[in-house]
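Single-letter residue listing:
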Amino acid sequence: PWNDKHRDKSAVIVQRVGGMVGAKCHHDSCAGYGWMELRSIFEPEFRKTVRPANDTNTEWRNRYEQKRMYNGDFSDLDDSIDDAEEEVEPKQLSRAPRPANDPLKPFLLETIPAASLIGPVGDYVQMMDGKTESPMEYHVGSFLTICGSLIGRHVHWDGYGKVYPNLFTLIVGRTMEKKSSSIKKAKEMMQSIYGVGDIEVPKQIRPASAESIVQDMAVAEMPPDMECDFRENKILTAFDQSVLHRRGYVYYDEISMFLKKSRKESGNTMMETLTEMYDGPQWMKSGTKRNSFVASSPTLSFLAATTPAWLKENSEMSDIFGGFTNRFQFFWAESPEGSPLIAIPPPIDRVQWDTLLDTLKKMMIWLSYFPHGQEFKMSYDAEQLYKQFYDTFTPIVRWKLSNETEQALLMRCVTNVVKNALIFMCLRAATEGGAEYIEKCDIEAGIGISMYSARCMLDIMGSLATGERAKLDARIAEVLKKTGKISARLLHERVGGRWPASEVQMALKSLVQ
């Protein structure tokens, strides 16, 4: 197709199991030509849907083409971080300074790197640029979350169990930073997908109790004669295969409303139920023996906003050590002084909106080829990068951090890397005609998002932990001063039920040291 003289049947077009389409000519002079070049011959407009032709902003253009963040040597990571920060123009946040000898310094990012602003993610942010006062970081977090909710269980990676691309995201910023505006715009795009094939838009859930969450995600009321089978951890095939997985998302303008509600009544297990749904259980059941509901393969995303002050006021240490907080990715940003003010938001470019919408529709059509879910493995280069990141980051979190709170906050970062990478892979598949592996660029983008989120999380929740720990230390000292020698059990009783026994033990350990 690229040389009229090549008529010896040396050109091929293939479609692999994962849906990825490839093309090649075996002549040496055609080396470097592939499916993208072939498709462009017959569809000249195709390239414009991948990279907008009317994009004259060279800064954003560079972000699209910039696909490298790490050069493979994590000892040189500081230089890569500095370059990324310079390109993206970081917002000036009142971040708490990290220790001089901080072992996490090579990893934590103060802004989203260029490697994570590729493809449709970069296109979405560029489209929203100048149309709202919301910082760029809010749009990235919101867009990734709605994409993960759309994807659901159609794809997964199998490591220590299956990892799905559903995200728990928290948009954090001051009042009037237009946090909810960024979320609502992303929701509007997701709801515009309605009616593509047989795939429905994920259902919005407003939790009132643990039972209501399962009931909202359930496909039908569970027949009474299935009770014994669920007690034996079995699911009847006819019921389990009657529908595909159910996707849903929780949305709060202010997450403190949820935090307050989850603690209002004793025995309320909303937080525990949502924590379990992050991992994508096979099924969940709730209700009474006579009126039970089952959620088969529920896939839930969580998207909420808050201010740092309200988050600290309504969070407790048990949220961190119980594993609820560390499942979230934090997107914290503030508009610097002198940022453009937009009294009346201008209309969004409909060409860009429709192009992105078309990309998401292509993604959903591609995903429809995997109605029962498809496992995707990492390519060799992607696997090597992920192993290198895991082998260097995880030991620091587990064994080199002296702060137990920071350890607990960062435990899910490696999981979120893969969740992010799956989303980037699906978006890439929509623009490239399919995907067969999680590629290195997907892992790079996932690491960038996760490490930026980790820095935001430590800055916000770390100060909460410091304040709470100081109160606990003071309370322990007060009790010991009055009682003298005392058993650990009695000490916990005297300190009060506000702190779990595990936190009291950790505080004691630190005080003794």
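Residues numbered from 1 in each chain as written. Predicted model: local features only at pLDDT ≥ 70, side-chain atom pairs only at ≥ 80, totals over all residues. Heavy atoms only, no water.

**Section: the overall build of the protein chain**
- A tally of helices and strands in the protein chain yields 21 helices and 13 strands.
- Sequence separation of 24 or more characterises 78% of the internal contacts of the protein chain that already satisfy a separation of 6 or more.
- Of the accessible surface of the protein chain, which amounts to about 24,100 Å², a share of 50% is contributed by carbon and sulfur atoms. (Helix = DSSP H or I, 4+ residues; strand = E, 2+ residues; numbered from the N terminus. Contact = heavy atoms within 4.5 Å. Areas by Shrake-Rupley, 256 points an atom, 1.4 Å probe, with all protein chains shown as cover.)

**A few points about the packing of aromatic side chains**
- Counting across every chain of the model gives 19 aromatic pairs.
- Ring geometry for Phe107 against Phe393: centres 5.4 Å apart, planes inclined by 70°, an arrangement best described as edge-to-face. With Phe107 in the loop between helix 4 (77–88) and helix 5 (119–128) and Phe393 in helix 16 (residues 380–400), the pair connects residues that are 286 residues apart, well separated along the chain.
- On the basis of relative accessibility, which here comes to 2%, the residue Phe393 falls in the buried class. (Phe/Tyr/Trp six-rings, centres within 6.5 Å; stacked < 30°, edge-to-face > 60°. Buried < 20%, exposed > 50% of the residue type's maximum accessible area, 1.4 Å probe, protein only.)

**Here's the deal with the layout of surface pockets**
- The space that makes up the largest pocket amounts to roughly 680 Å³.
- If you go around the largest pocket, you meet 29 residues; those closest to its centre are Trp157, Tyr160, Tyr386, Tyr390 and Thr415.
- Mapped by element, the contributors of at least two residues to the lining of the largest pocket are strand 3 (155–159), strand 4 (161–163), helix 16 and helix 18 (413–432).
- Top contributing element to the lining of the largest pocket by residue count: helix 16, with 9 residues.
- Its residues assigned to classes, the lining of the largest pocket shows 14 nonpolar, 4 polar and 11 charged. (1 Å grid on protein atoms, 1.4 Å probe; cavity = no way out; pocket = protein on both sides within 12 Å on 5 of 7 lines; lining within 4 Å. Points joined across faces, edges and corners; volume = space filled by probe spheres on them. Nonpolar A, V, L, I, M, F, W, Y, C, P; charged D, E, K, R; others polar.)

**Considerations on the nonpolar core**
- By size, the foremost hydrophobic cluster in this structure holds 117 residues, and its most contacted members are Val140, Phe258, Phe302, Phe330, Met363 and Phe393.
- The element contributing the most residues to this core is helix 18, with 13 residues.
- Other than its neighbours up to four places away in sequence, Phe393 contacts Leu104, Phe107, Leu410, Cys413, Val414 and Met451.
- Core analysis: the second largest hydrophobic core is formed by 8 residues, Val479, Val495, Ala507 and Leu508 among them. (Core = buried A, V, L, I, M, F, W, Y, C linked by side-chain atoms within 4.5 Å.)

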